[in-house]
Amino acid sequence: MSERDYLNELAEFEAHYQYDTTYMRELLEHSPLAYAKFADFMPLASHRENLDPETYWIAKLAAMQVEDCGACLQLCVRMALENEVSRQLIESVLEGGSGLSDDARDLYDFSVNVASATSVEQALEDRIQARFDKASLLELGLCIASAKVFPTIKRALSYAKSCNLIEIKV
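Residues numbered from 1 in each chain as written. Predicted model: local features only at pLDDT ≥ 70, side-chain atom pairs only at ≥ 80, totals over all residues. Heavy atoms only, no water.

## Focus: the packing of helix α4 (residues 53–67) against helix α5 (residues 71–82)
Then step 1. α5 packs onto α4 with a crossing angle of 170 degrees between their chain directions and a minimal axis gap of 9 Å. In terms of their interaxial angle, α4 and α5 are classed as roughly antiparallel. Of the residues in α5, those touching α4 at W57, K60, L61, M64 and Q65 are C72, L73, C76, V77, M79 and A80.
Then step 2. Taken together, the residues of the contact of α4 with α5 sort by class into 9 nonpolar, 1 polar and 1 charged. (Axes fitted to C-alpha atoms, helices over the stretch in contact; angles between N-to-C directions. Helix = DSSP H or I, 4+ residues; strand = E, 2+ residues; numbered from the N terminus. Parallel < 35°, antiparallel > 145°, perpendicular 65-115°, else oblique. Contact = heavy atoms within 4.5 Å. Nonpolar A, V, L, I, M, F, W, Y, C, P; charged D, E, K, R; others polar.)

Here's what the structure looks like:
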């Protein structure tokens, strides 16, 4: 793609999701080759093949809560709503998993543990291993790991400091 195509794509994304893409534009400006690779990463960051939408978005939102200053979490909320995830489920995740079913709470806790790089309690790990097949576990790993990329780039540019007081809207 050309730089113009990328800029048009970013403008559309920014308008659709009300998300500031300044850091992406700067990546494109300062290293078009790096941006092209970043753009190739984007489909992986939203890959969902085996997981149902609720499972995917519980994991993505929980991981993003661990990683983010607020703006990327708000983006994920908008995307979850666009994928017809219920407001109640999203609010429960944002409230630390309160009100979730036992299975959803397990998934939330597991996702937070994995995103935080903290050990997972053996009983929780056993329940998750029994619930998900290998393909789904791998997809959960991709979902959780990819949540780290965007906030990490923003933190490297010191942009995370400016958005840490965002009120998340569901």
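## A short note on the layout of surface pockets
Then step 1. Within this model, the largest pocket holds a volume of roughly 530 Å³.
Then step 2. Every residue lining the largest pocket is counted, 25 residues in all, and those nearest its centre are F13, M42, S46, M79 and F150.
Then step 3. Where the lining of the largest pocket is concerned, the elements lending two or more residues are α1 (3–17), α2 (22–30), α3 (32–45), α4 and α5.
Then step 4. Counted by class, the lining of the largest pocket contains 19 nonpolar, 2 polar and 4 charged residues.
Then step 5. Mapped onto the domain boundaries, the lining of the largest pocket takes at least three residues apiece from domain 1 (1–46) and domain 2 (48–169). (1 Å grid on protein atoms, 1.4 Å probe; cavity = no way out; pocket = protein on both sides within 12 Å on 5 of 7 lines; lining within 4 Å. Points joined across faces, edges and corners; volume = space filled by probe spheres on them. Domains from an automatic or database assignment.)

## Notes on α3
Then step 1. The first and last C-alpha atoms of α3 sit 20 Å apart over 14 residues, in line with the 20 Å expected at 1.5 Å per residue.
Then step 2. Along α3, the residues classified as buried are Y35, F38, A39, F41 and A45. Taken around the axis of α3, the buried residues stretch over an arc of 165 degrees, which confines them to a single face. Away from its buried face by more than 90 degrees, α3 exposes L33, K37, D40 and P43.
Then step 3. If you follow the buried residues of α3, they end up packed against α1, α2, α4, α9 (134–146) and α10 (149–156). (Expected span 1.5 Å × (residues − 1). Buried < 20%, exposed > 50% of the residue type's maximum accessible area, 1.4 Å probe, protein only. Arc of directions from axis to C-beta.)

## Some words on the packing of aromatic side chains
Then step 1. Summed over the entire model, instances satisfying the criterion amount to 8 aromatic pairs.
Then step 2. Considering the side-chain rings of Y56 and W57, the 5.0 Å spacing of their centres and the 80 degrees angle between planes classify their relative orientation as edge-to-face.
Then step 3. The buried category is assigned to W57, whose relative accessible area is 6%.
Then step 4. Ring pairing ties together the aromatic residues Y6, Y35, F38, F41 and F150, which thus form one cluster. (Phe/Tyr/Trp six-rings, centres within 6.5 Å; stacked < 30°, edge-to-face > 60°.)

## A word on the nonpolar core
Then step 1. Of all hydrophobic cores here, the largest spans 50 residues; its most connected members are Y19, Y35, W57, L61 and L140.
Then step 2. Looking at which domains feed residues into this core, each of domain 1 (1–46) and domain 2 (48–169) supplies at least three.
Then step 3. For Y19, the residues in contact, after removing those within four places along its chain, are F13, E14, M24, A71, C72, L75 and K154. (Core = buried A, V, L, I, M, F, W, Y, C linked by side-chain atoms within 4.5 Å.)

## Considerations on the packing of α5 against helix α6 (residues 87–94)
Then step 1. One can describe the packing of α5 onto α6 by two numbers: an axis separation of 10 Å at closest approach and a directional angle of 155 degrees. The angle between α5 and α6 places the two elements in the roughly antiparallel class. Along this stretch, α5 crosses α6, giving a crossing that reads as right-handed. Residues L73, V77, A80 and L81 of α5 form the contact with α6, whose own contacting residues are R87, I90 and L94. (Left-handed = near helix turned anticlockwise from the far one by under 90°.)

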